[in-house]
Each structure stands twice: as structure tokens, then as C-alpha cells.
8 protein chains.
Amino acid sequence: MANVQVAIMMGSKSDLPVMEETTKVLKEFAVEYEIKVLSAHRTPKETSAYAEGLASRGIKSVICGAGASAALAGVVAAHTNLPVIGIPIDSTALNGMDALLSTVQMPPGVPVATVAVGKAGAVNAALLALRILALHDKALEEKLQKFKDDQKKKILDIKLE
Amino acid sequence: MANVQVAIMMGSKSDLPVMEETTKVLKEFAVEYEIKVLSAHRTPKETSAYAEGLASRGIKSVICGAGASAALAGVVAAHTNLPVIGIPIDSTALNGMDALLSTVQMPPGVPVATVAVGKAGAVNAALLALRILALHDKALEEKLQKFKDDQKKKILDIKLE
Amino acid sequence: MANVQVAIMMGSKSDLPVMEETTKVLKEFAVEYEIKVLSAHRTPKETSAYAEGLASRGIKSVICGAGASAALAGVVAAHTNLPVIGIPIDSTALNGMDALLSTVQMPPGVPVATVAVGKAGAVNAALLALRILALHDKALEEKLQKFKDDQKKKILDIKLE
Amino acid sequence: MANVQVAIMMGSKSDLPVMEETTKVLKEFAVEYEIKVLSAHRTPKETSAYAEGLASRGIKSVICGAGASAALAGVVAAHTNLPVIGIPIDSTALNGMDALLSTVQMPPGVPVATVAVGKAGAVNAALLALRILALHDKALEEKLQKFKDDQKKKILDIKLE
Amino acid sequence: MANVQVAIMMGSKSDLPVMEETTKVLKEFAVEYEIKVLSAHRTPKETSAYAEGLASRGIKSVICGAGASAALAGVVAAHTNLPVIGIPIDSTALNGMDALLSTVQMPPGVPVATVAVGKAGAVNAALLALRILALHDKALEEKLQKFKDDQKKKILDIKLE
Amino acid sequence: MANVQVAIMMGSKSDLPVMEETTKVLKEFAVEYEIKVLSAHRTPKETSAYAEGLASRGIKSVICGAGASAALAGVVAAHTNLPVIGIPIDSTALNGMDALLSTVQMPPGVPVATVAVGKAGAVNAALLALRILALHDKALEEKLQKFKDDQKKKILDIKLE
Amino acid sequence: MANVQVAIMMGSKSDLPVMEETTKVLKEFAVEYEIKVLSAHRTPKETSAYAEGLASRGIKSVICGAGASAALAGVVAAHTNLPVIGIPIDSTALNGMDALLSTVQMPPGVPVATVAVGKAGAVNAALLALRILALHDKALEEKLQKFKDDQKKKILDIKLE
Amino acid sequence: MANVQVAIMMGSKSDLPVMEETTKVLKEFAVEYEIKVLSAHRTPKETSAYAEGLASRGIKSVICGAGASAALAGVVAAHTNLPVIGIPIDSTALNGMDALLSTVQMPPGVPVATVAVGKAGAVNAALLALRILALHDKALEEKLQKFKDDQKKKILDIKLE
């Protein structure tokens with residue numbers, strides 16, 4: 001992990017199947033990441049300390065997935081100036097609406113870049129981190145364009161009937 | 001402030017008109033409190049430190065009011081073993097539904113005693129703290145019963161027409 | 001049941017799988033409880049009488065689980081001055097939103113400490129009762145701290161990959 | 001009040017402007033009613049006692065208006081076998097959704113006839129009570145038909161431009 | 001069908017499993033009913049004609065179950081002066097919220113007595129009709145009281161552990 | 001009204017300010033319309049009869065605005081084979097969500113073309129009717145294109161600062 | 001495909017099971033259609049170009065199904081003056097509410113005729129397109145009437161018990 | 001505008017009061033921006049063309065505010081590989097829930113970094129763009145830290161009573 005560019009955090013191990021959509025995309029783009037379970041509520045000090053240390057280690061963005069009262073992304077954003085991306089996870093009876101509102105409705109001053117609830121959001125969290133990295137990495141920008149072109153091609157190749 | 005029993009926190013000074021419903025009740029019951037603006041997102045370290053110090057100062061419960069992605073009560077509950085009461089405040093376009101879900105949908109392990117959105121909740125937060133104190137304060141329990149009797153009397157005295 | 005400290009009520013026997021999350025925690029902390037099915041709507045008198053008798057038996061808090069139009073916790077709070085904790089249970093097509101709003105939106109004067117919908121809430125209801133008991137029970141407070149430390153350790157011990 | 005046929009209850013005096021839509025209709029139909037403020041949470045015993053006494057006094061239906069966690073209609077239905085009509089009142093930040101779900105989502109066994117949130121519901125609560133009375137009152141049934149005809153005429157008489 | 005007292009209508013044959021909760025209760029109380037599939041949208045004329053004919057046949061109330069944009073109860077209420085009871089049925093992706101709001105939010109002038117979404121509502125629709133019939137049927141009123149007593153007994157007989 | 005092409009209906013005269021957004025657009029395009037207050041619930045027969053007569057008079061589409069349990073568009077669609085456009089109107093405490101779900105969630109077999117809640121929807125209802133008419137009216141299609149071009153120009157002409 | 005009258009688009013191949021409800025109806029009415037997967041977000045240029053070319057090919061309406069942030073119908077409506085019908089598809093944790101609001105809440109100027117979420121909407125989208133075509137196709141109008149009559153007959157033929 | 005780093009777009013001029021919260025922050029940080037009204041639905045081609053040209057002009061992120069069916073951010077994200085930030089604007093009866101779901105629920109492949117509804121979101125959109133720029137601008141990172149410190153100080157300086 002010589003060159004970790006993205007940190008991935010999740011509030012509970014049970015969020016892993018969603019977060020693996022994030023890691024799958026980062027692997028596909030050969031971007032190094034590290035991944036941890038850390039909770040805003042159950043490991044608050046470790047979460048703060050970890051968030052505070054990210055920038056100085058050269059990490060460029062943080063992706064946080066959490067369900068229910070999803071405080072993780074907001075708390076991380078309070079302890080770093082890196083861009084923080086929040087994935088609301090559908091893990092309660094309320095279908096992810098709790099996690100969505102907890103993640104996105106941040107008060108002015110502490111931004112969280114929120115993506116869609118669940119796996120679609122987890123894919124896009126990775127792509128958003130990649131877009132940020134690609135601002136200063138021409139090769140990555142080209143891969144993103146190729147990814148887009150492939151996506152397009154896949155759709156255009158679909159034959160119905 | 002020789003004998004503060006209840007700590008009141010709010011995420012923003014604009015929450016004060018709601019929180020004054022809490023202080024009004026505590027004054028009526030002659031229970032000492034202290035009140036502070038501290039934010040889970042904008043003053044995270046001060047919030048944690050304050051929460052951690054409460055129990056050893058003899059404080060018996062904490063009431064936290066916050067709007068939007070209302071992380072305050074949850075973060076305080078992560079840093080103390082006192083009972084934490086959360087008041088969701090209606091301060092965004094979403095009518096307090098964001099604050100309600102953020103406050104109440106805590107993950108297992110870190111409880112927040114959530115009351116109603118806004119001023120009704122602020123009154124009840126005080127009464128809940130008083131019920132907790134009254135478990136070991138017979139005089140206070142009698143005042144609570146008198147409050148209940150007065151409430152009842154007020155309703156029964158209403159004459160329509 | 002020499003020393004029951006917590007009373008647990010549920011509106012219907014079908015709520016039991018949720019409420020067992022509460023009893024599991026109380027057993028783990030060796031706190032004695034009693035548990036009953038009593039309904040605000042189907043056994044209103046027995047519910048009131050039971051609620052009224054709790055305080056004089058030395059019980060320190062009441063935990064009420066109910067689904068749909070979840071009136072139980074509010075009705076119990078109307079008949080006792082003990083702290084009442086309400087668990088909204090997801091038992092209808094509306095995903096627990098009905099139980100949540102019925103439990104939490106209490107009018108000023110009659111507080112209910114509401115926790116999350118379903119099993120997460122049931123765990124936290126027990127922990128909230130324990131936090132209340134621990135205010136006057138140093139050993140219990142230490143157990144709560146140990147529980148928190150264990151929770152933290154469990155998260156920090158997770159190895160991904 | 002020699003011949004009261006309908007009892008009207010409301011949870012708080014602030015509900016009166018809504019409930020006056022109910023009384024207006026009953027007056028128009030010259031049906032006698034009585035009206036009271038009684039709360040499921042603040043005057044639970046008086047509410048139960050009042051509900052239990054209604055049938056033996058010859059009253060034929062009960063209309064209950066309440067906001068927030070609107071337990072009134074359900075509690076009344078638990079204490080009488082009369083038809084109980086519930087009006088959810090919009091009195092909190094949540095736009096009446098809390099009162100609607102609390103009123104309508106009754107568990108099996110204890111029916112509440114729920115009408116629309118607020119003033120439209122208050123008009124219809126009266127009309128529903130009248131429909132019930134009209135089952136055994138031919139003159140009233142004719143008045144209801146005339147009311148319907150007048151409503152229709154009022155609409156058909158509208159000239160736009 | 002010599003003495004049909006309750007008419008039951010549903011918007012689609014797929015609503016039958018819910019509506020059978022209604023018929024089960026009516027059978028238990030030995031009250032005669034008739035049951036039909038008729039749609040506000042697909043058989044509008046037959047629906048109107050049927051609704052208009054009910055009162056003169058001695059029927060005392062109508063129970064209408066429908067899902068989605070549940071117009072049936074409202075349309076029936078427009079064509080009769082009998083009490084109309086509406087059961088919102090959860091038959092779309094929106095979990096019955098569509099049927100609930102369509103059924104309950106009737107404009108002033110045309111009342112629908114709305115009960116809970118789905119099977120709980122279907123039970124209560126029957127009980128509501130029975131309460132209306134019992135206003136002039138002492139024996140039925142006694143059966144309702146016995147039903148209530150049995151319900152209570154069933155709950156009080158539950159032994160946990 | 002020699003050549004009425006569009007019929008406009010609304011459930012209540014209070015819906016007129018919204019519906020005038022529809023008439024404004026039709027006037028701008030010089031398309032003749034007629035406009036009526038007719039209610040699915042209060043004038044059911046007149047509504048059906050009116051809907052049934054539209055096609056034979058050469059009318060090409062019907063626009064129906066209604067609030068609350070907005071049954072109008074669906075009932076009209078049940079009585080004509082013309083395209084029916086429904087405008088949900090925000091006229092209750094529930095912010096138009098009731099009217100939206102009632103209008104759009106039609107069962108299979110009876111289509112309603114639903115547009116946005118309120119005035120934006122009223123503008124678009126007119127434009128949708130015009131698009132339908134323009135399928136066989138080249139001049140109208142050109143006016144629609146010009147309207148689009150004007151809209152575009154208006155946006156492009158905005159100077160900020 | 002000599003005489004394609006309806007274009008059907010969907011945002012993702014996974015929407016096909018819903019959209020086949022549309023094609024089934026069109027086949028039943030022997031109306032020719034073409035069907036494509038094209039995405040507002042993943043193939044924006046192809047989507048625009050396709051939408052722009054539809055009118056000149058004699059196509060009379062476009063049906064667009066999409067889930068999540070369902071931009072497809074709106075984007076198509078921006079590139080054609082044909083009537084555009086939008087089917088919100090339930091493909092996320094939020095039960096189709098996201099797709100419904102994205103599809104129906106179009107700003108003034110760009111109308112989308114929105115139908116119900118999911119398969120019911122897909123059937124009605126076809127019927128709405130047929131109603132538009134039938135304005136100038138007497139035979140089709142008769143088939144629509146027959147379809148309605150058959151629907152009615154199917155309901156009236158149902159025998160319960 | 002020698003060195004524009006952030007592009008700001010809004011769907012309608014009426015969104016300006018919200019978007020000025022964004023420009024205020026950028027001015028405070030002395031970061032150059034350009035601001036435009038461009039609509040996904042009313043100026044689709046200009047919107048696409050503008051989005052496609054941004055990267056080559058050295059712009060580093062795009063902030064898009066839109067209400068109702070808020071397609072703007074998603075459409076822009078489809079035409080650029082820059083990070084796109086979406087601000088849902090509360091401009092309809094539905095309190096911004098429509099704009100929130102339309103903005104955040106993007107399908108996998110096309111990420112939008114969504115912030116809170118309305119002015120809080122507009123402030124945070126600017127701060128998020130600044131965090132992205134600060135990854136390669138040490139002076140800006142220091143200003144962000146100072147902004148945070150000032151925020152904290154402002155809260156800690158509040159004296160209640």
C-alpha cells in the first residue's frame with residue numbers, strides 16, 4: 001500500500017457487500033485504496049484520529065458508507081479537509097431514507113458529497129473519487145473516458161428481440 | 001451552578017427558541033442546568049470533551065437539540081454513559097423529517113432517547129430528564145405528579161361555549 | 001423476581017422476536033426484568049393498572065414495544081412518572097413509519113423516550129434503561145463502559161481481506 | 001342537551017378551529033351533540049370513563065380530533081362499542097402525517113373510522129355520523145340527500161368567465 | 001341472502017385475500033353480507049348503479065377495498081347515503097401509501113370511513129360495520145362486547161417463558 | 001366555441017388559480033377550450049355524462065385538475081377514450097402528495113397522463129394537449145417549436161451580474 | 001417496421017420485464033412499435049439524436065421507462081415535440097418514489113405524461129399512446145372501446161363463492 | 001475571468017438566491033468562478049456543449065443547482081469527467097424531496113456529489129469544490145483550515161445568558 005489514494009470506511013462489517021462495489025471499481029482502475037470498519041458512534045476517537053491522519057499520508061479522498069442514522073461521513077468531514085463522499089446504506093426498515101437524509105442534510109460548513117442509496121451509490125462513490133484524482137492524472141482521465149465509452153457501447157450493443 | 005443536574009446542548013444558536021421550551025420546564029421545577037451551543041460537525045473535539053466530562057461533574061442527563069443531519073445527540077451518547085435525550089429540530093425544507101430520522105435511528109449500542117420534533121419535544125425532553133432524576137428524588141417525583149394533576153385540571157376546566 | 005428493575009411490555013405476542021433483543025441485553029447485564037403482553041387498545045384497563053403499580057414496586061423504567069398505531073408507550077407514560085422507553089415495531093405495510101411517528105410525536109406533557117424502529121431500537125432500549133439505572137449503580141456503570149469498550153474492540157479487531 | 005346523539009372530543013383546545021367544522025355541520029342538520037376537550041395522554045382516566053358512559057346515555061357515535069401522536073380516537077374505541085370517528089389534525093412540523101398514521105393504523109380488533117386530515121375531515125366526520133344516524137331516521141336521510149343535491153347544485157351553478 | 005346487512009366491494013379479484021379477513025369476521029358474528037368485484041375505473045356504471053340500489057334493499061353499510069389510486073370507496077360514497085368504509089390495499093410498489101391517501105383524503109361533503117392498510121384494516125372494517133349495526137341490535141352489541149372480552153382474555157392468557 | 005379542442009375540468013372552484021396556468025397557455029397558442037367545475041364525488045353523474053359526450057363533439061383531449069383524493073381524472077378516463085391529462089393540486093396539509101398519488105397510481109386499463117403538482121403541471125398539461133393536437137396540425141407543431149426556441153432564448157439571454 | 005407508430009425506450013436492459021407489459025398491449029392492438037435501450041446519462045448523445053429523429057419518421061408518441069433518478073423521459077421530451085409518456089420504474093431501495101418524482105415533477109415548458117410506477121404504468125403507457133393514435137384512427141378507437149368492454153365483462157363475470 | 005476554477009450552473013433564474021450562497025463562499029476564498037443559467041430540459045444542447053467544454057478550459061469542478069425533477073447535475077455529469085456537485089433546490093410543493101431524489105439517485109456510472117437541499121447545500125457545494133481544489137493548492141487548504149477554525153471559534157464564543 002505504498003501509494004494509497006482513497007480511504008474507504010464503513011460503519012459496520014455488514015456494510016461490506018455494498019462497499020465491495022466501490023473496491024471493485026477502484027481495482028478496475030488500478031487505484032490503491034485502504035478499507036476499514038470504523039464507527040462514528042462505536043469507535044468515535046479512532047474514527048476522528050484516522051480521519052485527521054489521512055491528508056498527511058497523501059490520501060486524496062475518503063469514501064464512507066453507513067446505514068441508519070448515518071453519521072460517519074459527516075463526522076469524518078469534520079476531522080479532515082479532504083473531499084468526503086458518503087454512501088447511504090439501506091440497512092433498516094425505513095429503506096435507506098434514514099441513511100440518505102442523515103448523510104446528505106449536512107449543516108453549512110461541513111460538506112459531504114452524497115451518492116445514491118446502496119450499490120449504485122457505491123459504484124458512483126468510486127467514480128467520483130476517480131474524477132477527483134483525474135483532475136491531476138491525465139492517464140486516469142483517459143481511463144474514465146474509456147469507461148464511459150465502454151458503458152455507452154454496452155448499451156448500444158444491446159439487441160432486444 | 002453549584003448543583004447542575006442536566007446539561008443542555010444545541011447544534012446551532014438558531015435552535016435556541018426551541019430549546020428555551022426545555023429550560024422553561026427545568027426552571028419551573030427548580031432543577032439546575034447548564035446550556036451550551038456545541039456542534040458535532042463544527043466543534044467535534046469540544047463536543048466530545050464536554051460529553052466525556054459530564055458524568056464526573058455529577059450531571060445526570062444530557063439533552064441535545066439539533067436540526068438537519070442531527071448527529072449531536074448520537075455523538076454525545078458515544079462519549080458518555082449518561083442517558084442522552086435528543087430533540088429533532090425542524091430547520092430545513094424537509095420539515096424535520098431529516099432531524100427525526102438522524103436522531104432516532106441510532107445503531108445498536110449507542111442509545112438516544114428521542115422526543116418529538118420541535119417545541120413539543122423540547123418540553124418533553126425536560127420532563128424525561130425530570131422523570132430520570134425523580135427516580136431518586138421523592139420531592140421531584142411529587143412535583144411531577146402535581147404537574148400532571150395541573151395539566152389534567154387545566155384540560156378539565158376548559159369550557160367550550 | 002425479587003428485584004425487578006425494568007418492566008417490558010409489548011402490544012402483541014408477535015412483537016416478541018423484536019423484544020427479545022431487549023431481554024438479551026438485560027440478561028447480559030444481569031438486570032432483572034419482567035415482561036408482559038398488554039395492549040393500549042385491547043387491554044386498556046389492565047395496561048393502566050399495571051403502569052400505575054410499577055413505581056411502588058421499585059421498578060425504575062418501562063420499555064414498551066408496539067407496531068402500527070403504537071399507542072402503548074404513550075398510554076403507559078400517562079399512567080406513571082417513571083421514564084418510559086418506546087420501541088416502534090415494523091409490523092405493517094408502511095415499514096414502521098406509522099409506529100415511529102405514533103411513538104415519538106407525543107404531545108407536550110407526556111414524554112416517551114423513543115428509540116429506533118425494530119431490533120436496533122430494542123437493543124438500545126435496554127441500554128437506555130441501563131444508563132438510567134447506572135446513574136445510581138457504579139458497578140453497572142462500569143459494565144456499561146466495558147460493553148462500550150468491547151464494542152469498540154470488536155470493530156477494531158475486524159480484518160478486511 | 002336532552003337528546004345528544006353525537007359526542008365530540010378533542011385532544012387539545014387548540015384543535016377547536018378544526019372541530020368547529022364538525023359542529024357547524026351538525027347544527028345545520030339540527031342534530032344535538034356535546035363537545036369536550038379530553039386527552040388520551042393528559043386525562044386518561046376521564047377519557048376512559050367518559051367513553052364508557054356514552055352508549056348508555058343514548059349517544060350513537062363519537063367524533064375524536066387529535067394531532068401529533070393522535071391516540072385519542074383509538075383509546076376511545078377501546079372503551080366503547082359505539083362507532084368512533086377519528087379526525088387527524090395537522091398540528092406539528094410533520095404536516096399531519098403523524099396524526100393520520102396514528103389515527104388510521106389501528107390494530108385489528110379496535111376500529112377507528114378515519115377521515116381526512118384537518119377541516120375537510122372535520123366536515124366529513126359530521127357527515128359520517130349523520131349517515132349512521134340516518135340509517136334509522138328517514139327525515140335525516142332526506143336531509144342528507146338534500147345536502148348532496150345542494151352541493152351538486154352549487155357546483156353546477158358555477159360560471160367560469 | 002334474505003337479510004343482507006353489509007355489502008362488500010373490491011376493486012380487483014386480487015384484493016380477495018385481504019377482503020376475506022372482513023368476511024371471516026362477519027361470518028363469526030353471523031351477519032349476512034354480499035360480496036362483489038366492481039371497479040370505480042373499469043366498471044363505473046355498474047359500480048354507481050350498485051351503490052345507488054343498496055339502501056333500498058335494506059343494506060346498512062358498504063365496505064370497499066381497493067389498492068393503488070383507490071377511488072372505489074369515494075365513488076361509492078358519492079352514490080349512496082349509507083356509511084361507506086374504505087380499506088386501502090397495499091398492492092403497488094408504494095407500500096399502500098397511495099391507497100391510503102386516495103381513500104382517506106376525501107373532499108368535504110363525501111365521507112369515507114377509512115381503516116388501516118391491508119388485513120388489519122379488513123378486520124376492523126367488519127367490526128366498524130358491526131358497531132353501526134349494533135346501535136339498533138342489542139344482541140349484536142353483546143356479541144361485540146364478548147368479542148372484546150375474548151380479545152382481552154387472549155392477551156391476558158399469554159405466558160411468556 | 002365553434003371548435004373546442006380541449007376540455008378543462010376541475011374538482012373545485014378553488015382550483016381555478018392553478019388551472020388558469022393551463023388556459024393561459026392554450027390562449028397563447030390560440031387553441032379553443034372549454035372549462036368547467038365538475039367533481040368526481042359531488043357531481044358524479046354530470047361528470048360521467050360530460051366525459052362521455054366529449055369525443056363525439058370533436059374534442060381531442062381532456063385536462064383534469066383536482067386536489068386531495070383526486071379521483072377526477074381517473075373517473076373521466078373511465079368514461080371516455082380520449083387522452084386524459086391529470087394535474088394534481090396541492091390543496092391539503094399533505095403538500096399535494098395525496099393528489100399526486102391519487103392521480104398517477106391508476107390501475108392497469110385506465111390511463112391518466114399525470115403532470116407535476118400545481119402550476120408547473122398546469123402549464124405542462126396544456127403543452128401536452130398541444131403536442132397531441134400538433135400530431136395532425138403542422139402549424140401548431142411549428143408554434144410548439146417556436147415556443148421551445150423562445151424558452152431557450154429566454155434562458156440564454158439571462159445575464160447574471 | 002414499415003409503419004412504426006410508437007417508440008419505446010428504457011434506461012437499462014433490466015427495465016425490460018416492466019416494459020414488456022407495454023409491448024404486450026401494443027401487440028394486442030396490432031400497433032407497430034420499436035424498442036430500444038438508451039440512457040439519458042450513459043448514452044446522452046444517442047438519446048438526443050434518436051429523440052430528434054422520431055417525428056420525421058412518422059412516429060406519433062414515445063414511451064420512456066426508467067428507474068432511480070429517471071431523467072430519460074424528460075430528456076426525450078426536451079428533444080422532440082411528440083407526446084412523451086414516462087413510466088417510473090421501481091429499481092432502488094426507495095420503492096420507485098425516486099423514479100416517480102423524477103419523472104412527474106417536470107418544470108414548466110417540457111411536459112411528460114407520467115403513468116403509475118411499474119407494470120400497471122407500463123400497461124397504461126401503451127393505452128395512453130393508443131388513445132392518442134385513436135384520435136385519428138376510428139378502427140383503433142373501436143378496439144379501445146372493445147378492450148374497455150372486455151375489461152368490464154371480465155370483472156362482471158367474476159363469481160366469488 | 002482569466003483563471004476560472006469552478007463553473008456554477010442553475011436550471012432557472014429563480015434559483016439564484018440559493019446559488020448566491022455558493023458564490024459568496026467562493027468569493028470569500030478568492031476562487032474564480034463563472035455562473036450560468038442553463039437547463040437540462042429547456043436548453044439541452046447548450047447544456048451539453050457547455051459541460052463538454054469545461055475540462056479543456058482548466059475548470060476543476062462544476063456545481064449545478066436545480067429544483068423539481070432536477071436533471072441538470074446528472075446531465076452535466078454525463079457530458080464531462082469533472083467532479084459534478086448537485087444542489088437540490090426546494091422550489092415545488094413537495095419541499096425539495098423531488099429535487100433531492102432526482103439529484104442523488106443517479107444510476108451507476110454517472111456520479112453526482114449531492115449536498116443538502118437549499119442554502120445549506122449551496123454553502124457546502126462551494127466548500128466541497130474548495131476541498132477538491134485544495135488537494136493541489138496548499139494555500140487554499142490553509143484557508144479551509146482557517147475557515148473551520150473560525151467556524152469553531154464562532155460557536156465557542158456564543159454566550160447564552
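What you see is a predicted model; the values in this text were computed from it and never measured.

J.: Can you help me understand the overall build of chain A in this one?
T.: In terms of helices and strands, chain A carries six helices and five strands. Its helices and strands in sequence order give chain A the pattern β-α-β-α-β-α-β-α-β-α-α, from N to C terminus. A compact globule built from 161 residues would reach a C-alpha radius of gyration of about 15 Å, and chain A, at 16 Å, matches this within 12%. Projected onto its principal axes, the C-alpha coordinates of chain A cover approximately 50 × 40 × 30 Å. For chain A, the proportion of its 161 residues judged to be buried stands at 69%. Nonlocal contacts in chain A, meaning residues at least 24 apart in sequence, comprise 67% of its contacts between residues at least 6 apart. By element, 53% of the accessible surface of chain A is carried by carbon and sulfur atoms, the whole surface being about 5,300 Å². Across chain A, 18 positive and 17 negative side-chain charges occur, with their mean positions spaced 2 Å apart.

J.: Can you help me understand the arrangement of the chains in this one?
T.: Between chain B and chain E there is no contact, and the shortest C-alpha to C-alpha distance separating them is 17 Å. Separating chain C from chain F is a minimum C-alpha gap of 15 Å, and the two share no contact.

J.: So what exactly am I meant to see when it comes to the packing of aromatic side chains here?
T.: Geometry of an aromatic ring pair is reported as the spacing of the ring centres plus the angle between the planes. Residue and element names in this part refer to chain E. Scanning the model with the defined rule gives eight aromatic pairs over all chains in all. Pairing Phe-29 with Phe-147 gives two aromatic rings, centres 5.6 Å apart and planes at 55 degrees, and the pair type is tilted. Residue Phe-29 is found in the loop between α1 (16-28) and β2 (33-37), and its partner Phe-147 is found in helix α6 (residues 138-156); the two are separated by 118 residues along the sequence. Looking at Phe-147, the relative accessible area reads 16%, which means it is buried.

J.: Would you mind showing me how to read helix α6 (residues 138-156) of chain H here?
T.: Helical geometry: 3.6 residues make up each α-helical turn, so side chains three or four residues apart lie on a common side. Between its first and last C-alpha atoms α6(H) spans 27 Å; for 19 residues at 1.5 Å apiece the expected length is 27 Å, and the two agree. For α6(H), the complete set of buried residues consists of Leu140(H), Leu144(H), Phe147(H), Lys148(H), Gln151(H) and Ile155(H). Down the axis of α6(H), the buried set is contained in an arc of 95 degrees. They therefore lie on one face. Where α6(H) is buried, its residues contact α3 (72-78) of chain A, β2 (33-37) of chain B together with α1 (16-28) and α5 (119-134) of chain H.

J.: So what exactly am I meant to see when it comes to the environment of Ala70(C) here?
T.: All names here are of chain C. Structurally, Ala-70 is set in the loop between β3 (61-67) and α3 (72-78). With 17 residues separating them in the primary sequence, Ala-70 and Ile-87 have C-alpha atoms 9.0 Å apart. Setting aside chain neighbours within four positions, we find Ala-70 in contact with Ala-99, Ser-102 and Thr-103.

J.: Is there a simple way to explain the pairing of strand β3 (residues 61-67) of chain H in this structure?
T.: Each regular strand shows side chains that alternate between the opposite faces of the sheet. Residue and element names in this part refer to chain H. Within β3, seven of the seven residues are buried, leaving the element largely enclosed by the surrounding structure. The two faces of β3 match: Ser-61, Ile-63, Gly-65 and Gly-67 on one face and Val-62, Cys-64 and Ala-66 on the other face are all buried. In this structure, β3 lies alongside strand β4 (residues 84-89), joined through six bridges in parallel fashion. Paired with Gly-67 across the strands is Ile-89, a residue of β4. Crossover β3 to β4 through helix α3 (residues 72-78) is right-handed.

J.: Explain unusual backbone geometry here, please?
T.: Glycine aside, the phi torsion of most residues is negative, and most peptide linkages are trans. Residue and element names in this part refer to chain D. You will see that Ala-30, though not glycine, has its phi angle at about 55 degrees, which is positive. Considering the arrangement of structural elements, one finds Ala-30 in the loop between α1 (16-28) and β2 (33-37). The exposure class of Ala-30 is exposed, given its relative accessible area of 61%.

J.: Can you help me understand the relation of the copies chain B and chain C in this one?
T.: For the pair of chain copies, the relating transformation is a rotation about an axis with a translation along it. Mapping chain B onto chain C calls for a screw motion: a turn of 180 degrees about the axis and a shift of 0.0 Å along it, with 0.0 Å RMSD after fitting. Given the turn and translation reported, the copies of this chain are related as if by a two-fold rotation axis. The overlap is high: 100% of the interface residues of chain B also sit at the interface in chain C, so the same surface is used on both sides.

J.: How should the interface of chain B and chain C be read in this particular structure?
T.: One frequent convention defines the size of an interface as the accessible area lost when the parts assemble. Listed by partner, the interface residues are 41 residues for chain B and 41 residues for chain C. Considering only the surface of chain B that becomes buried against chain C, Asn81(B), Pro111(B) and Arg131(B) emerge as the three largest contributors, covering 22% of it. Run the count over chain B and chain C and you get zero salt bridges. Scanning the region where chain B abuts chain C turns up 31 residue pairs in polar contact (both at pLDDT 80 or more). Listed by contribution, the elements that provide at least two residues to the side of chain B that touches chain C are α3 (72-78), α4 (97-104), β5 (113-114), α5 (119-134) and α6 (138-156) of chain B. Considering each element in turn, the side of chain B that touches chain C owes the most residues, seven residues, to α5(B). Partitioning the side of chain B that touches chain C into residue classes produces 27 nonpolar, 10 polar and four charged.

J.: Would you explain the pattern of salt bridges in this entry?
T.: Pairing between side chains of opposite charge can happen when their charged atoms approach one another. Per the stated rule, a full pass over the model turns up 56 salt bridges over all chains. Note that Glu46(H) and Lys152(F) form a salt bridge whose closest N and O atoms lie 3.8 Å from each other. One end of the pair, Glu46(H), is in helix α2 (residues 44-54); the other, Lys152(F), is in helix α6 (residues 138-156), on a second chain. Judged by relative accessible area, which is 24%, Glu46(H) ranks as partly exposed. Of the charged contacts in the structure, one is a salt bridge between Lys153(G) and Asp157(G), with a shortest N-O distance of 2.7 Å.

Calculation notes
Residues numbered from 1 in each chain as written. Chains lettered and ligands numbered in written order. Predicted model: local features only at pLDDT ≥ 70, side-chain atom pairs only at ≥ 80, totals over all residues. Heavy atoms only, no water. Helix = DSSP H or I, 4+ residues; strand = E, 2+ residues; numbered from the N terminus. Rg over C-alpha atoms; globule rule 2.2 N^0.38 Å. Buried < 20%, exposed > 50% of the residue type's maximum accessible area, 1.4 Å probe, protein only. Contact = heavy atoms within 4.5 Å. Areas by Shrake-Rupley, 256 points an atom, 1.4 Å probe, with all protein chains shown as cover. Lys, Arg positive; Asp, Glu negative; His and termini not counted. Charge placed at Lys NZ, Arg CZ, Asp CG, Glu CD. Phe/Tyr/Trp six-rings, centres within 6.5 Å; stacked < 30°, edge-to-face > 60°. Expected span 1.5 Å × (residues − 1). Arc of directions from axis to C-beta. Pairing = 2+ DSSP bridges. Right-handed = clockwise from strand over helix to strand, strands pointing away. Least-squares fit on C-alpha atoms with pLDDT ≥ 70 in both. Buried area = accessible area lost by both parts, 1.4 Å probe. Salt bridge = Lys/Arg side-chain N within 4 Å of Asp/Glu carboxyl O. Polar contact = N/O pair within 3.5 Å; in protein donor to acceptor, adjacent residues only side chain to side chain. Nonpolar A, V, L, I, M, F, W, Y, C, P; charged D, E, K, R; others polar.

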